[in-house]
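Chains, contacts and geometry: an overview
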Amino acid sequence: MRLLLCLAEHAGEVVSIDDLLNQVWADVTVAPDSVYQAVTSLRRQLGDDSKQPTYIETVPRLGYRMVAPVRPWTDFPVTIRASCWSRRRLQAR
């Protein structure tokens, strides 16, 4: 999920492997292969094709780019948002 969020936050921009390692795997030490595997897994979950990407484009030797349009999700009622927040807050106590 952090990989998807990172790419979405930089939609339209190339995010380098090093930047992904630093932002997504900040608390652990992993090799670039972990990024490749995570992108492959994310593409599979999204039903994306690396050769004709709808969501994530590989930019050879540079990194990855979110090519799908990205916008905030605001199509749900405020009451649901508030109740989810409250439930999470209560569980954290």
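Residues numbered from 1 in each chain as written. Predicted model: local features only at pLDDT ≥ 70, side-chain atom pairs only at ≥ 80, totals over all residues. Heavy atoms only, no water.

1. Section: the packing of helix H1 (residues 2–9) against helix H2 (residues 17–24)
Which entries qualify depends on this criterion: Comment: axis = line fitted to C-alpha atoms, over the contacting stretch for helices; angle = value between 0 and 180 degrees taken between N-to-C directions. Counting from the N terminus, the helices are the DSSP runs of H or I reaching at least four residues and the strands are the DSSP runs of E reaching at least two. Geometric relationships in this document are graded by angle, where less than 35 degrees denotes roughly parallel, more than 145 denotes roughly antiparallel, 65 to 115 denotes roughly perpendicular, and other angles denote oblique. Note: crossing handedness is left-handed where the near helix turns anticlockwise from the far helix by less than a right angle, and right-handed where it turns clockwise. The contact definition used throughout considers only heavy atoms, calling two residues in contact when any of these lie within 4.5 Å. Amino acids are sorted into nonpolar (Ala, Val, Leu, Ile, Met, Phe, Trp, Tyr, Cys and Pro), charged (Asp, Glu, Lys and Arg) and polar (every other residue, Gly among them).
Direction vectors running N to C along H1 and H2 enclose 125 degrees, while the axes themselves pass 10 Å from each other. Judged by the inter-axis angle, H1 sits oblique to H2. Considering how the two elements wind past one another, H1 and H2 form a crossing that is right-handed. Contacts between H1 and H2 involve Arg2, Leu3, Cys6 and Leu7 from the first element and Leu20, Gln23 and Val24 from the second. Residues that form the contact of H1 with H2 fall into these classes: five nonpolar, one polar and one charged.

2. With respect to the layout of surface pockets
Summary: where empty space remains is shown by rolling a probe the size of a single water molecule over the atoms. For clarity, the threshold we go by: Buriedness for pockets is judged along seven lines, at least five of which must meet protein on both sides within 12 Å for an open set on the 1 Å grid over protein atoms alone, while cavities are sets there where a 1.4 Å probe fits but cannot get out, and lining residues have an atom within 4 Å of a point. Grid points are joined across faces, edges and corners, and a volume is the space filled by probe spheres set on the points.
In this structure, the largest pocket occupies an estimated 300 Å³ of space. Forming the boundary of the largest pocket are Met1, Leu4, Leu5, Ala8, Leu46, Tyr55, Met66, Ala68, Pro69, Val70, Arg71 and Trp73. For the lining of the largest pocket, the element with the highest residue contribution is H1, accounting for three residues. Of the residues contributing to the lining of the largest pocket, the split by class is 11 nonpolar, no polar and one charged.

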